[in-house]
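One letter stands for each residue in the lines below.
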Amino acid sequence: MRIFTGTPCNFNGTADFFDRDSGLTVCGFNAIGVESRSITLGPAKENDLPLMTRASWNELEDSDWWRALNLDVFVFYTWGNPKYRGMLKAVMDAGIPVAQVADQQGFISPLADWPAHLKAEGAHYWHQPRWKQIARTMVKLPYTAGARILLRDLPYAKMIAASDLFLTATPSAAQRYKRFLSRTGYAKRTQQVQFCPIPVNFHFRYDPNIKKANEVIAVGRWDSIQKRTPLLTRTIERTLRLRPTSRFRIFGRITEELETWHNSLPEPHQAQVTLEGMVSNLELVKSYQSTRCMLVSAAYEGCHNASAEALCCGTTVVACRSPFLGALEWHAGSDSGTLAESSSAESLSDALINELAAWDHGMRDPAIISREWTQIMHPDRVATRIITLFKEVQSRKLR
């Protein structure tokens, strides 16, 4: 059996590429005995690994080129973007079953989730005055409710509906894409939209030899407004006042804002917070394995690889409840974390304290948490799910 993945972008073919998404899915297929490679756009690069196949745009739109590969299935990371319609058509004309993949949360159009769309400006521009958020929403509304549907949304719907499967990263994203297809005239194609998680590498797993410490980890690009650094710091300050024994470790590039804040903390609290900075992937794995909770202060996220990796290491997740944090809402379910009901430091701190208390009282079992999530998100499990979904597609066609 030959199942290739593909991304129509000119990525480097190094080990980093095969550590996540399309490349890691290739590793998953190979792990279960299915021959797999990843196809990407552009000329070959000196550091490309053997599992990388390069192709030009013209080749990717040539059905004969695809036919020569003798593929049983192709997993195509298109995000439903119609600019890749010619490539999708070429694959399908070659008789190859195709699954398109999107790692977003399904906010492709207001038709997918009107209530969330009306709140989007507040999430993306949380740092601006409320009146500006409302004004921006009102200015955009006539376009998004009219011209956008014709010019942008309908071509996307046609693209999404064209393939055998359309795979989404979270259950809530699948519901949004199904709703989007239903509202754009493709109600009969909603069954092809299926949830299939983005894979997490094998080395993210629980280690029973590493004791879970009374620690909280935070990982992010702290120079990004999206990550809401002020919410992170205020949450940590309040938590330390109420629970001074907890330790915090912050990973990611340390900004001047974080350094200034850390220096301003009272000495006892300063000793409880470590600015770890940038570390290797191996060091991050060990940190996930030794900590109890991950604290996420972001205003919005896609599939959020960091919390998925943490869960596979038996670490629970604390974040804010929001339609723009669908991955976090999924990750924090099933005794795997706690969600704050609002985006205030008080609410997020309360959620974190409650989660740490659950650990104190033996209500969290890292071995069970890790086992449940690795069975869903490790590459071999993701590859197996994709094959199972294609078998279901074939079964429906035979009815």
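None of these values were measured; they are calculated from a predicted model.

Trainee: Which residues make up the overall build of the protein chain, and what values do they have?
Mentor: On a plain count of helices and strands, the protein chain comes out with 17 helices and 13 strands. Residue burial in the protein chain is summarised as follows: out of 399 residues, 56% are buried. Sequence separation of 24 or more characterises 73% of the internal contacts of the protein chain that already satisfy a separation of 6 or more. Counting every atom, the protein chain has about 17400 Å² of accessible surface; 53% of that belongs to carbon and sulfur. Once the 47 positive and 40 negative side-chain charges of the protein chain are each reduced to a mean point, those two points are 7 Å apart.

Trainee: Run through the nonpolar core, naming residues and quoting values.
Mentor: Membership of the largest hydrophobic core comes to 67 residues, with the highest contact counts inside it found for Phe180, Ile236, Ile250, Val273, Tyr288, Leu295 and Leu352. Examining the composition of this core, we find that six residues originate from one element, helix 15 (residues 345–360), more than from any other. Ignoring sequence-local partners within four residues, the contact set of Leu352 consists of Val216, Thr239, Phe248, Cys293, Leu295 and Val318. Membership of the second largest hydrophobic core comes to 21 residues, among which are Ile39, Leu69, Phe74 and Val91.

Trainee: Give me the lowdown on the sheet that holds strand 3 (residues 52–55), citing residues and values where you can.
Mentor: The parallel open sheet is built from seven strands, whose spatial order is 3-2-1-4-5-6-7. Unpaired on one side and paired on the other, strand 3 and strand 7 (193–195) mark the two borders of the sheet. Between one strand axis and the next, the sheet turns through 25° on average, direction left out of account. In this structure, strand 1 (residues 3–7) lies alongside strand 4 (residues 73–76), joined through four bridges in parallel fashion. Residue pairing for strand 4: Ile3 is matched across the bridge by Val73. Docked against the sheet, helix 1 (residues 21–31) engages strand 1, strand 2 (38–41) and strand 4, running at close to 175° with respect to strand 1. Across the sheet, helix 4 (residues 85–93) is in contact with strand 4 and strand 5 (98–102); its angle to strand 5 comes to roughly 155°.

Trainee: Let's hear about helix 4: which residues, and what values?
Mentor: Every buried residue belonging to helix 4 is among Met87, Leu88, Ala90 and Val91, and all of these are buried. Relative to the axis of helix 4, the buried residues are bounded by an arc of 160° and lie together on one face. Count one or two residues on from helix 4 and you reach Gly95, which has phi positive near 80°.

Trainee: Describe the side chain of Thr374, listing the residues and the values that go with them.
Mentor: By secondary structure assignment, the location of Thr374 is in helix 16 (residues 366–377). Assessed through its relative accessible area of 10%, Thr374 is described here as buried. For Thr374, the side chain forms a polar contact with the main-chain oxygen of Ser370, separated by 2.8 Å. Not counting residues up to four positions away in its chain, the partners in contact with Thr374 are Phe204, Cys312 and Arg381.

Definitions and cut-offs
Residues numbered from 1 in each chain as written. Predicted model: local features only at pLDDT ≥ 70, side-chain atom pairs only at ≥ 80, totals over all residues. Heavy atoms only, no water. Helix = DSSP H or I, 4+ residues; strand = E, 2+ residues; numbered from the N terminus. Buried < 20%, exposed > 50% of the residue type's maximum accessible area, 1.4 Å probe, protein only. Contact = heavy atoms within 4.5 Å. Areas by Shrake-Rupley, 256 points an atom, 1.4 Å probe, with all protein chains shown as cover. Lys, Arg positive; Asp, Glu negative; His and termini not counted. Charge placed at Lys NZ, Arg CZ, Asp CG, Glu CD. Core = buried A, V, L, I, M, F, W, Y, C linked by side-chain atoms within 4.5 Å. Pairing = 2+ DSSP bridges. Axes fitted to C-alpha atoms, helices over the stretch in contact; angles between N-to-C directions. Arc of directions from axis to C-beta. Polar contact = N/O pair within 3.5 Å; in protein donor to acceptor, adjacent residues only side chain to side chain.

The quantities given are spatial measurements derived from coordinates; they are silent on function.
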